[in-house]
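Given next are the chains, with one letter for each unit.
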Amino acid sequence: MKLLKPSWVSHNGKPIFSVDIHPDGTKFATGGQGEDSGKVMIWNMAPVLREEDEKNENIPKMLCQMDNHLACVNCVRWSNNGLYLASGGDDKLVMVWKRAAFIGPSTVFGSSSKLANVEQWRCVTILRNHTGDVMDVAWSPHDVWLASCSVDNTIVIWNARKFPEMVTCLRGHTGLVKGLTWDPVGKYIASQADDHSLKVWRTMDWQLETNITKPFSECGGTTHVLRLSWSPDGQYLVSAHAMNNSGPTAQIVERDGWKTNMDFVGHRKAVTVVKFNPKIFKKKQKNGSSPKPSCPYCCCAVGSKDRSLSVWLTSLKRPLVVIHDLFDKSIMDISWTLTGLGILVCSMDGTVAYLDFSLDELGDPLNEEEKNTIHQNIYGKSLAITSTEAQLSTTIIENPEMLKYQQERQNSAQAVAGPGAAGPESTTPKLNSVMNGESLEDIRKNLLKKQVETRTADGRRRITPLCIAQLDTGDFSPALFNSVPILPGSSMPSQLTPQLSSDSSQGQASSLGLRPGHDPLLTSPPPGGSKGLDDNKDGVKSNLLLTSASKIEPMKALDSRFTERSKATPGVTAAISSTAGLTPLDRAKDGVLKDVKNKEETSSDSEDKMAAINKNLSFTKRKADLLMEGGEVVEKRKKGRPRKDKMATPISQPFTQLTPPSEKEPSRVAASPAAVAVLKLPTPSTKKAFSLQVSMEPSVFLEVENEVSVVAGTKLSQLRCSRDGRDWDTLLPSSIITAAGSSDVIAVACEDRMLSVFSSCGRRLLPAIQLATAMSALHCSGHYVMALTAGAMLSVWDVQKQTAQVKNESLLTILSAADITVSQSLLTQQGVPVIGLSNGKSYCFNSSLETWTLIADKGDSLVQCADFRGCLLTQDAPVSSGPLAVMQGRNLNAGRLASRLSSTPHHLQQSMTLAFLENQLAAALTLLSAQEYRYWLLIYARFLVNEGSEYRLRELCKELLGPVHKSAATAWEPTTLGLRKRELLRELLPVIGQNLRFQRLFTEYQDQLELLRNK
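Residues numbered from 1 in each chain as written. Predicted model: local features only at pLDDT ≥ 70, side-chain atom pairs only at ≥ 80, totals over all residues. Heavy atoms only, no water.

Some details on the overall build of the chain
The secondary structure content of the chain amounts to 20 helices and 55 strands. In the chain, the share of contacts with a sequence separation of at least 24, taken over all contacts with a separation of at least 6, comes to 58%. Carbon and sulfur atoms make up 53% of the accessible area of the chain, which amounts to about 40300 Å² in all. (Helix = DSSP H or I, 4+ residues; strand = E, 2+ residues; numbered from the N terminus. Contact = heavy atoms within 4.5 Å. Areas by Shrake-Rupley, 256 points an atom, 1.4 Å probe, with all protein chains shown as cover.)

Digging into the sheet that holds strand β30 (residues 342-347)
Spatial strand order, β1-β31-β30-β29: four strands in an open sheet with antiparallel pairing. Each having just a single partner strand, β1 (2-4) and β29 (331-336) make up the two edges of the open sheet. Across the sheet, the mean angle from the axis of one strand to that of its neighbour is 20 degrees, orientation sign disregarded. The pairing of β29 with β30 spans five bridges and is antiparallel. From the neighbouring strand, serine 335 faces β30, where its bridge partner is leucine 344. (Pairing = 2+ DSSP bridges. Axes fitted to C-alpha atoms, helices over the stretch in contact; angles between N-to-C directions.)

Quick look at unusual backbone geometry
Glycine aside, negative phi is the norm for most residues, and most peptide bonds take the trans geometry. With an omega of -5 degrees, the peptide bond between phenylalanine 163 and proline 164 qualifies as cis. Of note, the bond from glutamate 697 into proline 698 is cis; its omega dihedral lies within 30 degrees of zero at -10 degrees. Structurally, proline 698 is set in the loop between β38 (689-695) and β39 (700-711). In this structure, histidine 142 takes a positive phi of about 65 degrees despite not being glycine. Here histidine 142 lies in the loop between β12 (134-139) and β13 (145-150). For glutamine 802, which is not a glycine, the phi torsion comes out positive at approximately 55 degrees. By the secondary structure assignment, glutamine 802 is in the loop between β48 (793-798) and β49 (803-810). The exposure class assigned to glutamine 802 is exposed, which follows from its relative accessible area of 51%. (Buried < 20%, exposed > 50% of the residue type's maximum accessible area, 1.4 Å probe, protein only.)

Section: the packing of helix α17 (residues 930-947) against helix α18 (residues 950-961)
Axis separation between α17 and α18 bottoms out at 9 Å; the angle between their running directions is 140 degrees. It follows from the interaxial angle that α17 and α18 lie oblique. Together, Leu937, Tyr940, Ala941, Leu944 and Val945 of α17 and Arg952, Leu953, Leu956 and Leu960 of α18 make up the contact between the two elements. When the residues that make up the contact of α17 with α18 are grouped by side-chain class, the tally is eight nonpolar, no polar and one charged. (Parallel < 35°, antiparallel > 145°, perpendicular 65-115°, else oblique. Nonpolar A, V, L, I, M, F, W, Y, C, P; charged D, E, K, R; others polar.)

Regarding the layout of surface pockets
For the second largest pocket, the calculated volume is near 1000 Å³. If you trace the second largest pocket, you find 34 residues lining it, with Met166, Val167, Gly948, Glu950 and Arg997 closest to the centre. Counting only elements with at least two residues in the lining of the second largest pocket, the list comes to β15 (166-171), α16 (906-926), α18 and α20 (999-1014). The biggest single contributor to the lining of the second largest pocket is β15, with six residues. When the residues that make up the lining of the second largest pocket are grouped by side-chain class, the tally is 13 nonpolar, 10 polar and 11 charged. (1 Å grid on protein atoms, 1.4 Å probe; cavity = no way out; pocket = protein on both sides within 12 Å on 5 of 7 lines; lining within 4 Å. Points joined across faces, edges and corners; volume = space filled by probe spheres on them.)

Re the side chain of threonine 926
Relative to the helices and strands, threonine 926 resides in helix α16. Apart from residues no more than four positions distant in its own chain, threonine 926 is found in contact with Val832, Cys844, Asn846 and Thr853.

Section: the confidence of the model for the chain
Chain-level pLDDT for the chain is 74 on average; 69% of the residues reach the 70-or-more range. Contacts of residues 384-393 to residues separated by more than four positions or lying in other chains number 40 contacts, the stretch itself having pLDDT below 50. Across residues 420-438, where pLDDT falls below 50, the model places 65 contacts with residues more than four positions away in sequence or in other chains. (pLDDT = per-residue confidence, 0-100.)

Points about the side chain of lysine 178
Within the secondary structure layout, lysine 178 lies in strand β16 (residues 177-182). Among the residues examined, lysine 178 registers a relative accessible area of 6% and is labelled buried. Here aspartate 194 takes part through its side chain, which lies 2.8 Å from a polar atom of the side chain of lysine 178. (Polar contact = N/O pair within 3.5 Å; in protein donor to acceptor, adjacent residues only side chain to side chain.)

Things to note about α16
Helix length check: α16 (21 residues) gives 30 Å between terminal C-alpha atoms against 30 Å at 1.5 Å per residue, within 8%. Positive phi shows up at leucine 928, right after α16, with a value of about 55 degrees. (Expected span 1.5 Å × (residues − 1).)

Topic: helix α4 (residues 368-379)
Compared with an ideal rise of 1.5 Å per residue, which puts 12 residues at 16 Å, α4 spans 16 Å between its outermost C-alpha atoms and is within 8% of the ideal. Regarding α4, the residues found buried are Lys371, Asn372, Ile374, His375, Gln376 and Tyr379. In the segment just after α4, glycine 380 is the residue with positive phi, at about 75 degrees.

Points about the sheet that holds strand β4 (residues 38-44)
With antiparallel pairing, the four strands of this open sheet are ordered in space as β2-β3-β4-β5. Strands at the two margins of the open sheet, each flanked by one partner only, are β2 (16-21) and β5 (62-66). Each strand axis lies, on average, 15 degrees off the axis of its neighbour in the sheet, ignoring direction. Sheet analysis places β2 next to strand β3 (residues 27-33), joined by five bridges and oriented antiparallel. For aspartate 20, the partnering residue across the bridge sits in β3 and is alanine 29.

A few points about the environment of leucine 778
Position of leucine 778 among the secondary structure elements: in strand β46 (residues 775-781). Assessed through its relative accessible area of 0%, leucine 778 is described here as buried. Considered as a pair, leucine 778 and alanine 740 are 38 residues apart in the sequence and their alpha carbons are 6.2 Å apart.

A short note on the packing of aromatic side chains
Evaluated as defined, the whole model comprises 17 aromatic pairs. Between tyrosine 188 and tryptophan 258, the ring centres sit 5.2 Å apart and the planes meet at 80 degrees, which makes this aromatic pair edge-to-face. Taken together, the residues tyrosine 188 in strand β17 (residues 188-193) and tryptophan 258 in the loop between β22 (247-254) and β23 (262-265) connect sequence positions 70 residues apart. By relative accessible area, tyrosine 188 is classed as buried at 5%. Tryptophan 258 sits in the buried class, given a relative accessible area of 14%. Their ring planes at 90 degrees and their centres at 5.9 Å tell us that phenylalanine 916 and tryptophan 936 sit as a pair that is edge-to-face. Taken together, the residues span a long stretch of sequence, with phenylalanine 916 in helix α16 and tryptophan 936 in helix α17 at a distance of 20 residues. A relative accessible area of 2% places phenylalanine 916 in the buried class. With relative accessibility at 3%, the residue tryptophan 936 sits in the buried group. Through a chain of ring-to-ring contacts, the aromatic side chains of Tyr84, Trp139 and Phe163 assemble into a single cluster. Over the ring of tryptophan 8 we find lysine 61; its NZ or CZ atom is 5.8 Å from the centre of that ring. (Phe/Tyr/Trp six-rings, centres within 6.5 Å; stacked < 30°, edge-to-face > 60°. Lys NZ or Arg CZ within 6 Å of the ring centre and 35° of its normal.)

Right, here's the structure in full:
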């Protein structure tokens, strides 16, 4: 062993509280007290390792000095990938530093010019949440999270993939928290505080796993830090400052049962810092002797207030070496090199010491493969591919209801998949994770055999990361612990299974129905974007179908997919994600379309249904069209969806009535001669006779015959209506241009710009209404009548109450450009008028806000990039008949572009989906469409649960629960669109119950609902 104290590493005599060696071993960072602020310094490692480099003037010793912290820095830590440096200080801040592009040496402010920064490190994010000094920071394995602890008694977990997002705050300590360490397996994080306790927390739901107090009961809060450490095999956790028989020790806690039977004894004063060597060792073989199988062991360094350092091997009862009086004051921090042979120690006295060990002293370090084998043996999985499968089995479910929902999920998953397989349904890991008779473990092992390894310049092995789908994650942190983020295109790990398996097993229609709306990527329409659906009225011609009719056998597909890909493009994640899900269409045709034919009833796709129903219903209409156009068949609308009436889907409660557009809005731009010059919208031409069906239940037919007779010079027109076989007729003094009706009212518009409204039995309900310009489109729905005139003015009347819902509103606001025309208009059951324009945008007039609001935009990229397929469930019948669905046409193929946008980072994809779902909710509210509102609310809630967005979820629950006590001040309404908010909350609870992380939220709202019910 060699010992060196490089005198040039100093903070001008001020204390150094922390030291950390960069993972590549070329530099190290120190943190401590500056002149009047906190100081972080980055030093070159070469002059420490080699004497000749130290003497060489041209080799810089200090690389960078950062004075941004306002007060003393207590801890500096490099991320595992070496890209970031995190520092925490007495100014309550955690700063994350990243190396900036080299701009040329810059001098440290206020120093003489010889102190130049060789490297530029800039602060890329400041994490603010602590209300007291930050004592320790720690990066989780694979840098998924960054944890910081403080004298405010809390530990904050930050999302290291999305700074400055906070994942959670761990509360429970009643004293200053002074040390943190992550379990190398990624399952726990441990913290030690002045409250005489060491706490271990689960990373799966961030709840307390165990609280160890016995060895610490006699301890006083005398140490500045309590840096504890976890052994690299994950088996032991060693605490700082513990007491045994009133003597200071470092307590060894065994992972197995958290037993505290052993400790490191010998220091005369409190232990401040413990640090495990990152390597696992085995005994060095003497030359020539036959290798004896020896047990692998770990190596640990312990520093104390008694200014001495001891190094222990777990295979020896005594320390390997003890160095007394290494410093003048307490040891504050220890850092090992990644090779496991060097160690840097810093002290309160402002100096640093470097110890260099040889292989003879410590032993042979195990290589990655051997280390992974050890992990495989202990945890049933290697460190290379960490998952949280084991975590779920050890999570204690505190709430019986919660347990019920967790079990339901598993059962439904197994039911869907059949006995041998577990389906893509479940996002929580099943404890018996077996897919198609093959356990996840076997699949993992097979994948591990295919690892591709390379060697870096300094001879270290690097395993090229494979993309492993997380078949079993219960935690929705982005790609928990996977070596690579799961395909950025997918919105959450659990959803990856169905998404990727879709194309490889299309041909074999297995018995596994995918949930509707899950719409695997390969069914996305051709890149041209949203084509009108008229071109696939038959529902089979284009490849837009396939929802629950598609069959997928998840695991085989997944397995073959990954193994093939990983051979072909090791480590090229983008390649995997962009090609996943785009297969040649022909394959889709033979596998799927046959299916659709036999299984028409299960296909829940909106057009499918429409197209099918349309075929049965639209004969009467088609005839009417021909009559009406006087024998010339005109393709009436460019932007079609199959025509729909309110009766078109008898299955769901009648929702919208979209009267056959034909009679009202042929896209003839030639205005009728009677029109005034300012006309904007086309009007229907007068025909001798036409007929149409306006309602199915009860069945109502209208027949119009113009100029039946001439009396005293006036040409009379006849309107005949037959309702359930009973007929009535009436005469009007002018030619009828267009007519519309519902089961309650019939409206007709005449050439003299008069609008007449009759009851379904033929009684005139309103005196004739004089319109300013000719009628362009007329709709009836329930007891509402909507008139859109050629002068682009819109009115809606409530015939029952004899009031105007919308008064002469101009469409000028929305018809902004000259070439935009109205391509579609409809009136919902609730009397909300909706106008679809030729540019793909649809607006409705909100009478309470008195504004035009955008409810659908076919060109909106959010629609195409939103990816919420994982949030659709089988029991949600897609609301294909609601006004929103009708106007948006087919946006339910969520994630149409997700495959092409595979490069979109996860958080962007998540934000897009969130924005889209919130738009849908708002639009359903404006349209007063209760069924669709409930449908999108459930999807939105599921998405929030899956993504772990607690803030939004909490706000949503709060809004649905409302105030618990009535008071004059609250403006909370107990219902929305006739749905009771608390009933909706009751429906959301099972959804929240599916993510263990929201256990507390679930319990809280469940209890509140119970209280309210009992009131």
